[in-house]
Every structure is written in C-alpha cells, then in structure tokens.
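Architecture and fold: a report
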Amino acid sequence: MPAADLVLTGAQVRTLDPARPTASAVAVRDGVITAVGGTEDVRDWRGPGTEVVDLRGAHLVPGLVDAHSHPVWGLDMATGTDLSGVTDLAGLRAALAGAERIDGWIVGHGLDHNAFEGRPIHHDLVADVLGAGPAFLRLYDGHSALADATALAAAGVTGPRAFAQHAEVVCDAAGRPTGHLVEHAAMDLVADVVPRPSYAERRARLLELLSAMAATGLTGAHVMDGGDLDLVREVAQETVLPLRLRFAPWCMPGADEDALRELVRLQRTGGRHWLVGGVKFFMDGTVEGGTAWLEHPDCHGQGTAAFWPDPRRYAEAVHALHTAGVRTATHAIGDAAVRHVLDTVAALGPSGRGAHRIEHIETVPDELLPRFAELGVAASLQPPHTGYTRDDGTDEWSRRLGGERAARAWRLRDLREAGATLALGSDWPIAPYDVRAVLATARRPKGAAAHRPGLTPLQALEGCTSHAAAAGGESGVAGRVAAGCRADLTALAVDPVHAPGDELADAPVALTVTGGHVVHRGG
C-alpha cells in the first residue's frame, strides 16, 4: 500500500456521507481522500514521508465552498478607498475629502445606495470635496458607479449612450451625464480609463486574498466571471492556489455564434486548483439600481426590462450551450427574471435537470418555489446581502419593491423546504467573504429577511458543502468526506451544526486543506 501524504487524526469528523456519517481520522494521497474511519483505519497509510496532524478534537467537515464569488475580477472592484462603512452623505463627503489618490484618481468601492439618503445619485453632491478629480466610485452592488465630471471627460462620456445590454449613462433633462452609471457596459466606459495595478501587484493581492479566504475555512469558490485567466494560470504554475477556483465566464447580450463557440472551447481549461466549468448570464441587474426585472414596476416606475433586450435571445444562447454540454448560471434577482430562467430551463426538457442554476433570487412569489426542485434548477443565494437592508423597510431595496415583494426577501428556508438544491456564497467583494459569517447569517438572516426563519444549522453547512457541490455538478467528487473524494477539508474549533451562530461566526479555524495541501493552520 502506498503511503499517504497527509493523515489527520483526533478529529470529530462530520462526513455528510450517509454511508459513514462520523469518523475520527482521514488519510489523503495525491489530493484525494483514501481512507475515512478511526485511527486503525488510517494506520497502514502512514509512511516515512506522511505528515500526521493531530486535530485535538477539532470538528472536521467537507471543505467549505463559496458558491458565488469574484476573487479575481474583484481585485479591480475592491481597489482604492473602502467606502463600505459610509452610511450617509456627510460621511461620504468626509471619506472622499481625505481619500488617497491612485495616479491622480480617487477610486472608491463598496458605497451603499442608502448613503445618498433617497437623493438621485449625482456627482454634484460631492464635487466640491473632490477638487479637480477625477473620481470613480463603485457602489456596493457591483452594477453601478458614480463618476465625477473630470472622469467622464477623460472617458469621453458627454451624453447618453445606446448599449446592446440593459445599461444607462444617466443624464439630466438637458442631456448632461449626472455621473451615475448603471450596469456593466456603462460603468466600463469609465472603468477602462481608471489606473490599474501592475501584474506584480495583482499577483500579490490575489495570493493575499486567497490566503485570507482560506484562513476563514474556505477551500473553494465558484467564480461567477471569467476573471483574468492568464493571471490565474501563471500564479497556479508558480505556487499552490489556496482555494480551488471554478470559473464561469460571462455570456452577454449580443453574443453571436463565434462567441458561443469560444465559450464552449474554454470549458475544462484549467490547471492545479482552477478550472473553467460553466457560463454566467445576467437576466437582470439590481433592485437598488432599478434594473431588477420585475413583474410589476418598482416605486420609481422602473424594473420592467430584462438585461437581455430580447429575452428570447437569452433562451437561445442557453439552449445552444446546453446542447454543447455546458452548465449555466444566471443572475436573476427579480420575480420576472427568475420566472424567465425557469421557463428557459423547462423548455430544455429532461436533459436540463441538474445542469443549471439561478443566482441571487432576492424576491420570488410562492408559485415559483416548487419549480426549482421540479426542474432540477439549483438556487444560489448570498445570505450576507440581507445585511444591506433594514427590518423596518426604510432601506432603498425595500422602498423600491414595496411591502408585499420585500416580504419575500431571500427565501432560503422556503426554497430548501420546497426541495431545491440550495448553494450559499458571499458574492465578494459585494459582501465580506468570511464563510463562517455566511453560515451564521444563513441561519439568522438580517434586515428585510429577518422576519422569516433561516436555515437549520445542518442545512446551512450543506449549503457550503454538499449542495454547493451539487450546484457545480461535482457531487461525485466533492461535498463529502469519503474515500475517492477530493481532499478539500475544513477543521473548526466548534461544531458548525451545534454551536450557536455567534460562536460559529468567530470560531477559530484549526486547519484548511485544499487538494491535500495544508493551506492554513490555526494558531
């Protein structure tokens, strides 16, 4: 018998494997679990080169996975001054007045829509504290930004633009840009001229970020964008990626047959701890930005348009990729968007079952809940997003939707009880990446969702393990501590099923193992 590379002993193992629910020891060789059981079951796997780690009673579970994250693309999104702590206009002005410049630019991120206190977003609100500019401030939702007049001029944006996708350069009555840029195509006009970190800086930041994620217990992330695959490839060749990254590049409105063929070609591209596996679509934008696709307008009369101007083209693209064996994930926040994605998968017939997923699902009516299980569509939700709303309904999200739709906020428990596969994530950098907080918040949602029951502790754990694996089409190799599965493992100081949520959120992480490599050791 060949010797194991790693043997873990003294653990309280929750395997999530019905064949053997608990154990105390695990052996790993070549990145795969080779034995699970007691000390006697791993004894023969020890050899002179085997690393043996006594976990001293720590609770070992399948490696925790963030089912929706942007750790590479997010490096640009999270550049500059962190504005996530700003709560009002006075606070924003103070933060900008003292902000450092990057090559002459003020760049910010994480700005909450609620900071504008109900005012229309306009660069005039902060122009006097910005000085000569230029300035580019990303709002927290990742779907909108504020650019000052100097930044708009640098990008040549002088008036409204037409786009192939649902996007807008917001202008005043005279046709002058207000600086409010809604959705990716509009934001990119200015983002493309904003200073970008060097390769060396990006490489260092990527490894620092992934290591910090691993320190919270994360072993993997479903990356809902194409990222910078060249950067990832080079870094993965130079060192071990602390997280296993599964990328789903975007398919945007206007994609022709050549674009679809390129997305198909990219599938299975990868290296150690990274892989392209799927394609990401957008069916709508955000509630706060007025671009969520709703069955009835929001309080501003917005939200009645899909991200794809012709939703039938979206359905045709999904069908083409499905026929080529490509899994898809679709951003759908509003009820109309969710319904259209479900209808699109239904039209694929039985072969569509288990191959597609919907991201976010922030408000849906009762009749859509059972369709997830009926069609085999995975639901991917991000519990930390609930923290951007308020339980009294005074936040921008709740005001736009109105009481009836806001009462359907983030129906985590309802989806699980309807039989859906429910994967959980953070959507970093939209929300913090700490997976312990994801688990805790799934059990006790915040803000507009605080009135409804959260997940049970076991359901929350499954959302970052077995259900995340199912949503990624990887149930055969991930999401369980079982022989033959990937050696992605997380050891916590507390039992994630029995510990109270506040204890879990702060629980020490004893060990994080990705692909058989120890990528984090607790102090």
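Here the structure is a predicted model, which is why all the values come from computation and not from measurement.

1. Here's the deal with the sheet that holds strand β18 (residues 274–276)
Taken together, five strands build an open sheet; the order of strands is β8-β15-β16-β18-β17 and the sheet is mixed. Two strands close off the open sheet at either side, each with one partner strand: β8 (64–69) and β17 (270–271).

2. Notes on the sheet that holds strand β12 (residues 144–147)
With mixed pairing, the six strands of this open sheet are ordered in space as β9-β10-β11-β12-β14-β13. Of all the strands in the sheet, the pair left with one neighbour each is β9 (81–82) and β13 (168–171). Sheet topology note: the β13/strand β14 (residues 177–182) ladder contains three bridges and is antiparallel. Looking at the pairing, Glu-168 lines up with Val-182 of β14.

3. A look at the packing of helix α9 (residues 257–266) against helix α10 (residues 311–323)
α10 packs onto α9 with a crossing angle of 40° between their chain directions and a minimal axis gap of 10 Å. Considering their axes alone, α9 and α10 lie oblique with respect to each other. In this structure, α9 crosses over α10, and the sense of that crossing is right-handed. Residues Leu-260, Leu-263 and Val-264 of α9 form the contact with α10, whose participating residues are Ala-317, Ala-320 and Leu-321. Of the residues in the contact of α9 with α10, the class split is six nonpolar, no polar and no charged.

4. Details of the packing of helix α7 (residues 199–215) against helix α8 (residues 229–238)
How two helices sit against one another is set out by the angle between their axes and by the gap between those axes. Contact pair α7 / α8: the axes reach a minimum separation of 11 Å and the direction vectors enclose 65°. Comparing the axis directions of α7 and α8 gives the class roughly perpendicular. As α7 packs across α8, the resulting crossing turns out to be right-handed. In this structure, α7 contributes Tyr-199, Arg-202, Arg-203, Leu-206 and Leu-207 to the contact, and α8 contributes Leu-231, Glu-234, Val-235 and Glu-238. A class-by-class count of the residues in the contact of α7 with α8 yields five nonpolar, no polar and four charged.

5. What about helix α3 (residues 89–97)?
Among all positions of α3, only Leu-89, Leu-92 and Leu-96 are buried. Buried positions in α3, seen along its axis, are confined to an arc of 55° and lie on one side of it. Residues of α3 that are exposed and point over 90 degrees away from its buried face: Ala-90, Ala-94 and Ala-97.

6. A look at the confidence of the model for the chain
For the chain, the average pLDDT comes to 96, and 100% of its residues sit at 70 or higher. The least confident element of the chain, judged by mean pLDDT, is helix α2 (residues 74–77) at 90; the most confident is strand β23 (residues 422–424) at 99.

7. Remarks on unusual backbone geometry
The linkage connecting Trp-428 with the following residue, Pro-429, adopts the cis geometry, with an omega of 10°. Even without a glycine there, the phi angle at Arg-56 is positive, about 50°. Judged by relative accessible area, which is 74%, Arg-56 ranks as exposed.

8. Points about the pattern of salt bridges
Within the structure shown, the criterion is met by 37 salt bridges. For the salt bridge of Asp-488 with Arg-244, the shortest nitrogen-to-oxygen distance reads 2.9 Å. You can see Asp-488 sitting in the loop between α18 (466–471) and β24 (489–492) and its partner Arg-244 sitting in strand β16 (residues 244–247), a full 244 residues away along the chain. Neither Asp-488 nor Arg-244 differs from the other in exposure class; each is buried. The salt bridge involving Arg-312 is made with Asp-310; its shortest N-O contact spans 3.1 Å. On the basis of relative accessibility, which here comes to 23%, the residue Asp-310 falls in the partly exposed class. Shared partners join several salt bridges into a network, and the residues in it are Arg-244, Arg-246, Glu-474, Arg-486 and Asp-488.

9. Brief notes about the side chain of Ser-426
Summarising the element assignment, Ser-426 is placed in the loop between β23 and α16 (435–443). Taking the relative accessible area as the measure of exposure, Ser-426 reaches 0% and is therefore buried. Within the local environment of Ser-426, its side chain forms a polar contact with the side chain of Asp-66, the two groups lying 2.5 Å apart. At a separation of 3.0 Å, a polar atom in the side chain of Ser-426 contacts the main-chain amide nitrogen of Trp-428.

10. Structural notes on the environment of Gly-49
Within the element layout of this structure, Gly-49 appears in the loop between α1 (39–42) and β6 (51–54). For the pair formed by Gly-49 and Ala-4, sequence separation is 45 residues and the distance between their alpha carbons is 8.0 Å.

11. Quick look at the packing of aromatic side chains
Counted by the stated rule, this structure contains ten aromatic pairs. Aromatic pair Phe-282 and Phe-307: ring centres 5.5 Å apart, planes at 45°, arrangement tilted. A residue pair is termed long-range when its members are at least 10 positions apart, and Phe-282 in strand β19 (residues 279–282) and Phe-307 in the loop between β19 and α10 qualify at 25 residues. Summarising the burial analysis for this pair, Phe-282 and Phe-307 share the class buried.

12. Re the pairing of strand β1 (residues 6–9)
Residues in a regular strand project their side chains so that they alternate between the two faces of the sheet. Side chains of β1 alternate between two faces, with Leu-6 and Leu-8 and Val-7 and Thr-9 buried alike. Both β1 and β6 contribute to a ladder of four bridges, which runs parallel. For Val-7, the partnering residue across the bridge sits in β6 and is Val-52. Looking at chain direction, β1 and strand β4 (residues 25–29) are connected through three bridges and run antiparallel. Of the residues in β4, the one forming a bridge with Leu-6 is Val-28.

Conventions and cut-offs
- Residues numbered from 1 in each chain as written.
- Predicted model: local features only at pLDDT ≥ 70, side-chain atom pairs only at ≥ 80, totals over all residues.
- Heavy atoms only, no water.
- Pairing = 2+ DSSP bridges.
- Helix = DSSP H or I, 4+ residues; strand = E, 2+ residues; numbered from the N terminus.
- Axes fitted to C-alpha atoms, helices over the stretch in contact; angles between N-to-C directions.
- Parallel < 35°, antiparallel > 145°, perpendicular 65-115°, else oblique.
- Left-handed = near helix turned anticlockwise from the far one by under 90°.
- Contact = heavy atoms within 4.5 Å.
- Nonpolar A, V, L, I, M, F, W, Y, C, P; charged D, E, K, R; others polar.
- Buried < 20%, exposed > 50% of the residue type's maximum accessible area, 1.4 Å probe, protein only.
- Arc of directions from axis to C-beta.
- pLDDT = per-residue confidence, 0-100.
- Salt bridge = Lys/Arg side-chain N within 4 Å of Asp/Glu carboxyl O.
- Polar contact = N/O pair within 3.5 Å; in protein donor to acceptor, adjacent residues only side chain to side chain.
- Phe/Tyr/Trp six-rings, centres within 6.5 Å; stacked < 30°, edge-to-face > 60°.

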